[in-house]
Amino acid sequence: MIAAQLLAYYFTELKDDQLKKIDKYLYSMRFSDETLKDIMNRFRREMENGLGHDTNPTATVKMLPTFVRSIPDGSEKGDFIALDLGGSNFRILRVKVTQDKKQPVQMESQVYDTPDDIIHGSGTQLFDHVADCLGDFMEKQKIKDKKLPVGFTFSFPCAQTKLDEAVLVTWTKKFKASGVEGMDVVKLLNKAIKKQGDYEADIMAVVNDTVGTMMTCGFDDQRCEVGIIIGTGTNACYMEELRHIDLVEGDEGRMCINTEWGAFGDDGSLEDLRTEFDREIDRGSINPGKQLFEKMASGMYMGELVRLILVKMAKEGLLFEGRITPELLTKGKIETKHVSAIEKTKEGLKKCMEILTRLGVEPSDEDCLAVQHVCTIVSFRSANLIASTLGGILSRLKENKGVARLRTTVGIDGSLYKMHPQYARRLHKMVRRLVPDSDVRFLLSESGSAKGAAMVTAVAYRLTEQARQIQQTLAEFRLSKAQLLEVKKRMRVEIERGLKKDSHKEATVKMLPTFVRSTPDGTENGDFLALDLGGTNFRVLLVKIRSGKRRSVEMHNKIYAIPIEVMQGTGEELFDHIVHCISDFLDYMGMKSARLPLGFTFSFPCHQTSLDAGILVTWTKGFKATDCEGEDVVELLREAIKRKEEFELDVVAIVNDTVGTMMTCAYEEPTCEVGLIAGTGSNACYMEEMRNIEIVEGNEGRMCVNMEWGAFGDNGCLDDIRTQYDQAVDENSLNEGKQRYEKMCSGMYLGEIVRQILIDLTKRGFLFRGQISETLKTRGIFETKFLSQIESDRLALLQVRAILQQLGLDSTCDDSIIVKEVCGTVSRRAAQICGAGMAAVVDKIRENRKLDHLDVTVGVDGTLYKLHPHFSRIFQLTVKELAPKCDVNFLLSEDGSGKGAALITAVGCRQREADAQQN
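Residues numbered from 1 in each chain as written. Predicted model: local features only at pLDDT ≥ 70, side-chain atom pairs only at ≥ 80, totals over all residues. Heavy atoms only, no water.

Student: Describe the sheet that holds strand 4 (residues 105-113), and please don't skip the residues or the numbers.
Tutor: A sheet is described by the order of its strands in space; here five strands give the open sequence 4-3-2-5-8, paired in mixed fashion. This sheet does not close on itself; its edge strands, each paired only once, are strand 4 and strand 8 (202-207). Adjacent strand axes in the sheet meet at a mean angle of 20°, parallel and antiparallel pairs treated alike. Sheet topology places strand 2 (residues 78-85) next to strand 3 (residues 89-97); eight bridges connect them, and they run antiparallel. Opposite L85, over in strand 3, you have F90 as the bridge partner. Contacting strand 2, strand 3 and strand 4, helix 4 (residues 123-141) runs over the sheet at an angle of about 135° to strand 4. (Pairing = 2+ DSSP bridges. Helix = DSSP H or I, 4+ residues; strand = E, 2+ residues; numbered from the N terminus. Axes fitted to C-alpha atoms, helices over the stretch in contact; angles between N-to-C directions. Contact = heavy atoms within 4.5 Å.)

Below is the structure:
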């Protein structure tokens, strides 16, 4: 017993001693965590060089765009063919993708031989051979009459400019067919298929094996966004943000990048880490100075590295008692599969003895231990190197997503990773150490890269079909110039109907006279009070207007809340509350004694009979005060002031906010004769000739008409351009059948139209994985401000996703692109039909004045116009296109309902004085 223990002790001592010697000997192959982090950062820099426009030509890590823009989402289905050409065998598969949960993918495949004379012959021979095999396969599958989509795994470095085109950069792996380098392999294959003449194939995608691996795993796990091969060669691909890929147009969405990381270090950036053995391997290879990282890490070179180390150690008398045999000196005698066998935990030493005995070196037990340790160091270095470069990709993904913790899946394939007993465990462990704030799942690719080619094709097929259907849906919103001219023409018809006495009553566009007979001329002077009532807040303003050389407008205001019980109580209570607020303001300004002229902005539908008389037609916006509808609101205000008995006011004008907008701008710019509100609601006003306003006495001069154009279309005249989504918005609104034009072009409803479209696209499986969340079912959730944010050019898709996440919508990158397009389409139509309405107005003014050409300014206010990134530009462009004989200038209004009301009051006072002098 003691003897056995002594022996074990002696053996352990010997083992430790021997291993320490080897550790020392191969010190340069063992990396600290610091060194690995340094390699990771060097690789990150190389990736950036590969992605940059100016740095790519000289970059070693080429970062090739693959034009694969999306991973499978589980909704793919169809019948596909996959070709896999990358080695001595050529494989063809038929892949059926169904929605069957038990067996979503069914595959049948056949392997065809690729003889050496074809690999080294001409390109024509090679592709004729491929087309011939494909014909044979389709014959056996009885599908020669079908034109099935084909995915082509072509595992050689290619430059792509689209998914179905790949120009071969250079042959690798023994292939040398002439006349192919620099050519598009899809064209060559299509030509060969045409030559066959008895079947058709639709090649939709060319991918390399790394991308194939990512897509195969992506079908089983939708989080998969990285693919790695660790086999004979090594490479990786991952999903990069398009905005970072300078070599490809556009910055929406993501694209898979084939890193071609085997060439990392070809510029000398790994020189400090390469050993004499790495240099020797490189010198003896068919491509010296190329693929240096691959030569340090991939399976093709691992056995050879071990052999070179053993030769040197034997020469120095550290192994085999210095014995060196011809077998040991023969290149390729130790293969990577031998390294895997030697490192097995249980039978590794036994295998080692067998392998070394075949090499004739008569190994001792200590030699076997030493050789096993050498193998471990070499394979461990490989796992660590790959962990560093993969760490670089993962940390970049994490940064791109802007998350504190990355959750992702890496799809892996390759013989070294699969066959080596310790490799996978070591790789996973080191990745977790290098990228600690991540949860990475490693998924083994079961059926190789060919299934991946079918998946890429399936995704391309799905996206093409999906894009077609989405475009078909959005096509209804894309109005042609002819359609917009038709909207303009119909608006003109409705304008005429509103102005004529006999049709005014039935007209939808009411064309209400405002009794504002002129715009400011600069002589306005004095102190005016303005009231602004149009929502839950109520403003009182003092506006001091000074004329002369130093024209100025000075304003003071205070905001008061209107409690809901007052909004919905009696009319007397409401107007008493308003007067109480005015009283407070006059105290605050110290002006109780002056009898100030007052303008009252009252943003509810009114029928005016003079400048200072307006009969409330109906309450809107949540107001319900009794005994007001059908009454003159100016009289109600005057009576309330009398009841208070504290101060006197001269109510000169009742004002609509659209008219206020026009007047504010006209004060700065005398050519301003039109007002537009494009905000929550939509409306316009303009200076019309008195002779055309049949419902008001007199033919001389002009008067501003409040169009109330939101109701355009209420008689059905826009039904041919209204979509099912517009109808849904209308049906769910508080005033069904009313304000139809406004519901197509105002801020209050655009978000709601978008929500209706998104629900429909989700139901059809094009969005949010077909899941309609509670949020999406909630009316009004999609506020127009979100549209403005989503459509902002500066916003990357990441931020669009963040906005959608705030709304409880878990969106992918593809979802975000679709949502952005929907928002853009809806707001574009809004701007265009609003522009068509405005074109009708300016052309009417031009014709009224019998002019060939009109210069006019439009005063504009409203959040949609001011805050939306594209609305104003598209609106202006549309007006220009549809009214080419008018030169229209647009001016932003500042405070139409306050300052505008004071200006209308000032103009009203001036008019009153002029009338008094005439009489």
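There's more to say after this.
Student: Can you tell me about the packing of aromatic side chains, naming the residues and giving the values?
Tutor: Throughout the structure, instances matching the rule amount to 20 aromatic pairs. Considering the side-chain rings of F477 and Y725, the 6.1 Å spacing of their centres and the 25° angle between planes classify their relative orientation as stacked. With F477 in the loop between helix 15 (448-475) and helix 16 (481-499) and Y725 in helix 22 (residues 724-731), the pair connects residues that are 248 residues apart, well separated along the chain. The exposure classification of F477 matches that of Y725, with both residues buried. Considering the side-chain rings of F871 and F875, the 6.2 Å spacing of their centres and the 10° angle between planes classify their relative orientation as stacked. Of this pair, F871 and F875 both sit in helix 30 (residues 871-882), separated by four residues, roughly a single helical turn. For the pair F871 and F875, a shared accessibility class is recorded, and that class is buried. A connected cluster of aromatic rings, assembled from ring pairs, spans F600, F602, F604, W619 and F623. Stacked on the ring of F786, the Lys or Arg K785 has its end atom at 5.5 Å from the ring centre. (Phe/Tyr/Trp six-rings, centres within 6.5 Å; stacked < 30°, edge-to-face > 60°. Buried < 20%, exposed > 50% of the residue type's maximum accessible area, 1.4 Å probe, protein only. Lys NZ or Arg CZ within 6 Å of the ring centre and 35° of its normal.)

Student: Now, about the pairing of strand 15 (residues 526-533): what can you tell me, with residues and values included?
Tutor: Successive side chains on a regular strand alternate, one facing one side of the sheet and the next facing the other. Burial analysis of strand 15 places seven of its eight residues in the buried class, which makes it a mostly covered element. Relative to strand 16 (residues 537-546), strand 15 runs antiparallel, the two being bridged by eight bridges. In the sheet register, A530 faces strand 16, and the bridge partner there is L541. Between the antiparallel neighbours strand 15 and strand 16 lie three residues. One ladder, built from five bridges, connects strand 15 with strand 18 (residues 596-602); its direction is parallel.

Student: Explain the nonpolar core to me, and be specific about the residues and the numbers.
Tutor: Side chains of nonpolar character tend, in soluble globular proteins, to be buried together. In this structure, L676, M707, W709, F782, M838 and F875 are the most contacted members of the largest nonpolar core, which totals 112 residues. Among the elements that make up this core, the one with the highest residue count is helix 28 (residues 813-848) (16 residues). (Core = buried A, V, L, I, M, F, W, Y, C linked by side-chain atoms within 4.5 Å.)

Student: Residue-level account of the side chain of N683, with values.
Tutor: Locating N683 in the fold gives a position in strand 23 (residues 682-689). Each residue touching N683, except ones within four places of it in the same chain, is listed here: N656, T658, G675, L676, I677, N706, M707, E708 and W709.

Student: I'd love a proper account of the environment of R829, names of residues and values included.
Tutor: Checked against the element boundaries, R829 lands in helix 28. When its relative accessible area of 0% is taken as the criterion, R829 is described as buried. Taking the C-alpha atoms as reference points, R829 and L134, 695 residues apart in sequence, are found 49 Å from one another. Once you skip the residues sitting within four places of it in the chain, R829 turns out to touch F477, L479, I721, T723, D726, M744 and I753.

Student: Please set out the packing of helix 21 (residues 657-668) against helix 31 (residues 899-918) residue by residue, giving values where relevant.
Tutor: At a closest axis distance of 8 Å, the pairing of helix 21 and helix 31 adopts a crossing angle of 75°. Between helix 21 and helix 31, the crossing angle belongs to the class labelled roughly perpendicular. Each of V659, G660, M663, T664, Y667 and E668 in helix 21 lies in contact with helix 31, whose residues at this interface are K899, G900, L903, I904 and V907. (Parallel < 35°, antiparallel > 145°, perpendicular 65-115°, else oblique.)

Student: Explain helix 6 (residues 209-220) to me, and be specific about the residues and the numbers.
Tutor: Residues that lie three or four places apart on an α-helix share one face, since the helix turns once every 3.6 residues. With 12 residues, helix 6 extends 17 Å from end C-alpha to end C-alpha; this agrees with the ideal 16 Å at 1.5 Å per step. Along helix 6, 10 of the 12 residues are buried, which leaves the element largely enclosed by surrounding structure. Residues of helix 6 that are buried include every one of T210, V211, G212, T213, M214, M215, T216, C217, G218 and F219, and no others. At the N-terminal end of helix 6, a side-chain oxygen is found 3.0 Å from the backbone nitrogen of T210, two or three residues along, and the residue is N208. (Expected span 1.5 Å × (residues − 1). Polar contact = N/O pair within 3.5 Å; in protein donor to acceptor, adjacent residues only side chain to side chain.)

Student: So what's going on with the sheet that holds strand 24 (residues 702-706)? Which residues, and what values?
Tutor: With mixed pairing, the six strands of this open sheet are ordered in space as 14-24-23-22-25-26. Each edge of the sheet is formed by a strand with only one pairing partner; in this case those strands are strand 14 (512-513) and strand 26 (886-892). In the sheet, strand 22 (residues 672-678) pairs with strand 25 (residues 854-861) via five bridges, with the strands oriented parallel. Bridge pairing links I677 to D861 in strand 25. Along the sheet, helix 21 makes contact with strand 22, strand 23, strand 24, strand 25 and strand 26, crossing strand 22 at roughly 130°. Each of strand 22 and strand 26 is contacted by helix 30, which is oriented at about 160° to strand 26, the strand it contacts most.

Student: Explain helix 16 to me, using residue names and the numbers behind them.
Tutor: An ideal rise of 1.5 Å per residue puts 27 Å on 19 residues; helix 16 measures up with 27 Å between its terminal C-alpha atoms. Residues of helix 16 that are buried: L484, V487, K488, R490, M491, E494, I495, G498 and L499. On its buried face, helix 16 is in contact with helix 17 (501-504), strand 23, strand 24, helix 23 (740-745), helix 28 and helix 30.

Student: Tell me about a positive patch on the surface, and please be specific about residues and values.
Tutor: Judged by side-chain charge, K344, K350, K351 and R358 come together as a positively charged surface patch. Of note, R358 is situated in helix 11 (residues 348-358). For R358, a relative accessible area of 58% translates into the label exposed. (Patch = residues over 30% accessible without salt bridge, like charges linked within 9 Å, V, L, I, M, F, W, Y side chains within 5 Å. Areas by Shrake-Rupley, 256 points an atom, 1.4 Å probe, with all protein chains shown as cover. Salt bridge = Lys/Arg side-chain N within 4 Å of Asp/Glu carboxyl O. Lys, Arg positive; Asp, Glu negative; His and termini not counted. Charge placed at Lys NZ, Arg CZ, Asp CG, Glu CD.)

Student: Any details on the side chain of T825? Residues and values, ideally.
Tutor: Topologically, T825 is positioned in helix 28. T825 sits in the buried class, given a relative accessible area of 6%. Setting aside anything within four residues of it in sequence, one finds T825 in contact with L474, F477 and R478.

Student: Requested: an account of the environment of Q483, with residues and values cited.
Tutor: Its place among the elements puts Q483 in helix 16. Q483 sits 362 residues away from G121 along the chain, and the two C-alpha atoms are 60 Å apart. The contact partners of Q483, leaving out residues within four places of it in the chain, are R478 and I721. Within polar-contact distance, the side chain of Q483 engages the backbone nitrogen of S480 at 2.9 Å.

Student: If you had to explain the state of the cysteines to someone new, which residues and values would you point to?
Tutor: Tallied over the full model, the rule gives zero disulfides. Of all cysteine sulfurs in the structure, the one in C368 sits closest to C352, which takes part in no disulfide; the separation is 4.2 Å. Cysteine C717 shares no disulfide, and the gap to the nearest cysteine sulfur, in C745, comes to 13 Å. For C717, a relative accessible area of 18% translates into the label buried. (Disulfide = S-S within 2.5 Å.)

Student: Describe in detail the pattern of salt bridges, supporting the description with residues and values.
Tutor: Oppositely charged side chains may form a pair once their charged atoms are brought near each other. Scanning the model with the defined rule gives 73 salt bridges in all. Of the charged contacts in the structure, one is a salt bridge between E689 and R702, with a shortest N-O distance of 3.0 Å. Here E689 is found in strand 23, whereas its partner R702 is found in strand 24, with 13 residues between them in sequence. Classification of E689 as buried rests on a relative accessible area of 9%.

Student: Lay out the pairing of strand 6 (residues 158-162) with the relevant residues and their values.
Tutor: As judged from the three bridges shared by strand 6 and strand 7 (residues 165-168), these two strands associate in the antiparallel manner. Along strand 7, the bridge assignment pairs K162 with E165. Once strand 6 ends, the chain turns through two residues before running back antiparallel as strand 7.

Student: Just give me the short version of a negative patch on the surface, but keep the residues and values in it.
Tutor: A cluster of acidic side chains, namely E572, E573, D627, E631 and E639, defines a negative patch on the protein surface. Residue D627 is classed as exposed on the basis of its relative accessible area of 64%.

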